[in-house]
Every structure is written in structure tokens, then in C-alpha cells.
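An overview of the molecular structure
Chain by chain, the residues run as shown.
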Amino acid sequence: LIGGGSSLSGFALKTLCGLGHCVGINHSMFAIPVAAGVSIDQRFIEERHQELVEFAQTTQLYLAPGDHFCQTVDPVAGAIYLRSEFVQGLSASCDLLHTGGTSGYAALNLAVLKRARKIVLLGYDYGVIDGRHHYHDDYPWHVVTHQNWSSWAKRFDAAAIQCTELGI
């Protein structure tokens, strides 16, 4: 699962090609050829709508931005929409992602639902490295002070326990 954390700055993402099923989260779905893309980020989906439509023509795209958003915004043609709940722990229902508040968490839940046996998280920093939150500069709307990095990271504790129990 390829997140957007600044720990990926300078990392040659192309070296991941052929090593497994790479899943791009938000901007990272455009960085290299991936098996699928995932986002719950409403602003990202609005800002990158046309690119997401083009992406979904050739690659699986899973979106779970919430019911209200889906009722008020044009859908991304070709995307697979899933229900979402902002809770900790992982959903066992194939049409529901628990998001923990982030697209990265939702992608982890999707990988579990797809029965992945080994999951590697890249760029899941949930904090600042060298003054940066992302390895790219693709979110001009991003306001650092509106982020809750530590609480988002803490939510992975419950997911880690479930993954261990599932043998992942």
C-alpha cells in the first residue's frame, strides 16, 4: 500500500513494480502503474475528478467518500464506490470500509477484505519528516494545521491486532 508520507521522498517507486499488487492511495495512484487506487478524501476526489475518471478506465478505483458526498457531487465514472464508516478496527463486510479517518486506513481495510496475506505499508508516516508531510507537492489545498496526524496513526493499533488475529 503506497501512501503519501514524506518518507517516500527520493524513493524510486518504480522499483516496486512486479513485486506484488501495489495499491496507490490518493496521489500515489498516479505515481506508478498500480493494481488499484483508493481514496476517501473528498477534496482530492473533487480536485482530481477528471484524472480519476481516466484512471478508472484502465485500473480498479475504490472510492469511499461518504454518502452525503456521493449525493452532492458527480460520480467518478468507472469507480467502485463503497460505503464507509469513520471507526477503528477493520470491517468484515465486502461493501464497507472502516476508514479510521484516512484513505490509508481505508486501503488497509480493502487489502484485508481482498484477503491479502502480507501487507506492506509505505509512506504511512502520519507526521512530519524534514518539515514535510508528503513526498510530493500535489495538494495545494492542504492545510497542515488542520490535520490530526497522531490520532490518525493511533487508530492503526486496533487494525494491527485484527491483522495479527487474521494471520496477516
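We now turn to the structure provided with this report. Note that the structure is predicted; figures quoted are calculated from it, not measured. (Residues numbered from 1 in each chain as written. Predicted model: local features only at pLDDT ≥ 70, side-chain atom pairs only at ≥ 80, totals over all residues. Heavy atoms only, no water.)

**Focus: the overall build of the chain**
Rules: For helices the rule is a DSSP run of H or I covering at least 4 residues; for strands it is a run of E covering at least 2, with both sets numbered from the N terminus onward. For every residue, the accessible area obtained with a 1.4 Å probe (protein chains only) is divided by the maximum for its type, and the residue is called buried under 20%, exposed over 50%, and partly exposed between those limits. Here, two residues are considered to be in contact whenever any of their heavy atoms come within 4.5 Å of each other. Residue-level accessible areas treat just the shown protein chains as cover; the underlying method is Shrake-Rupley with a 1.4 Å probe. Think of it this way: Lys and Arg go in the positive column, Asp and Glu in the negative one, and His and the chain ends go nowhere. Working definition for charges: the position is that of NZ of Lys, CZ of Arg, CG of Asp or CD of Glu.
When its secondary structure is counted, the chain shows six helices and six strands. In sequence order, the chain lays out its α and β elements as β-β-α-α-β-α-β-β-β-α-α-α. With the C-alpha coordinates of the chain rotated into their principal frame, the extents come out at 40 × 40 × 35 Å. The buried share of the chain, reckoned over its 168 residues, is 46%. Within the chain, counting contacts between residues at least 6 apart in sequence, those at least 24 apart form 48% of the total. Summed over all atoms, the accessible surface of the chain reaches about 8,900 Å², with 53% contributed by carbon and sulfur. Taken together, the 11 basic and 15 acidic charged side chains of the chain have centroids lying 8 Å from each other.

**Some details on helix α4 (residues 103-113)**
The element α4 is largely enclosed, with a buried count of ten among its eleven residues. Structurally, α4 contributes buried residues whose contacts are with β1 (23-25), β2 (36-39), β3 (60-63), β6 (96-98) and α6 (156-165). A positive backbone phi angle near 70° is found at R115, which sits one or two residues after α4.

**What about the layout of surface pockets?**
Formally: Of the two site types, the cavity is a set of points on a 1 Å grid over the protein atoms alone where a 1.4 Å probe fits but cannot get out, and the pocket is an open set with protein on both sides within 12 Å along at least five of seven lines, each lined by residues with an atom within 4 Å of a point. Grid points are joined across faces, edges and corners, and a volume is the space filled by probe spheres set on the points. Each residue is assigned to one of three groups, with Ala, Val, Leu, Ile, Met, Phe, Trp, Tyr, Cys and Pro labelled nonpolar, Asp, Glu, Lys and Arg labelled charged, and all others, Gly among them, labelled polar.
Estimates place the volume of the second largest pocket at around 550 Å³. Along the wall of the second largest pocket there are 21 residues; nearest its centre are G20, H21, C22, V23 and K118. At the level of elements, β3 and α4 are the ones that each hand at least two residues to the lining of the second largest pocket. In terms of residues, the lining of the second largest pocket owes the most to one element, α4, which gives three residues. Among the residues forming the lining of the second largest pocket, the class breakdown is 16 nonpolar, three polar and two charged.

**What to know about the environment of D157**
What counts is decided by this rule: Within 3.5 Å is the distance limit for a polar contact, defined as a pair of N or O atoms, with the added protein rule that one can donate a hydrogen and the other accept it, and that residues adjacent in sequence qualify only through two side-chain atoms.
Position of D157 relative to the elements: it lies in helix α6. Take D157: its relative accessible area is 39%, and that puts it in the partly exposed class. Residues D157 and G89, 68 residues apart in the sequence, show an inter-C-alpha distance of 8.4 Å. Among the polar contacts made by the side chain of D157, one reaches the side chain of K154 at a distance of 2.7 Å.

**What about the nonpolar core?**
For clarity, the cut-off: The term nonpolar core refers to a set of buried residues drawn from Ala, Val, Leu, Ile, Met, Phe, Trp, Tyr and Cys, joined through side-chain atoms within 4.5 Å.
Within the largest apolar cluster, 24 residues are counted, with the highest numbers of intra-cluster contacts made by L1, V38, L108 and Y124. Secondary structure elements with two or more residues in this core: β1, β2, α4 and α6. The leading source of residues in this core is α4, at seven residues. Residues within four places of Y124 in sequence aside, it is in contact with L1, G3, I25, G104, Y105, A107, L108 and F156. Core analysis: the second largest hydrophobic core is formed by 19 residues, L8, L13, I32 and A79 among them.

**Quick word on the pairing of β2**
Looking along a regular strand, one sees side chains alternate from face to face of the sheet. The cut-off we apply is this: In short, DSSP must find at least two bridges between two strands for them to pair.
Residues A36 and V38 point to one face of β2 and G37 and S39 to the other, with burial holding for every one of them. Where β1 lies against β2, three bridges are found, and the strand directions are parallel. Within β2, the residue paired with I25 across the bridge is V38.

**A short note on the packing of aromatic side chains**
To keep things clear, this is the line we draw: When the centres of two rings from Phe, Tyr and Trp lie within 6.5 Å, Trp using its six-membered ring, the rings pair. Their planes under 30 degrees apart give stacked, over 60 give edge-to-face, and anything left gives tilted.
Counted under the stated rule, the structure contains four aromatic pairs. Centroid distance F30 to F44: 6.3 Å. Interplanar angle 35°. Geometry classified as tilted. Of this pair, F30 sits in the loop between β1 and β2 while F44 sits in helix α1 (residues 42-47), and the two are 14 residues apart along the sequence. A residue is classified by how much of its surface remains accessible, and F30, at 27% relative accessible area, is partly exposed. Cluster of aromatic residues (ring-pair linked, three or more members): F30, F44 and F55.

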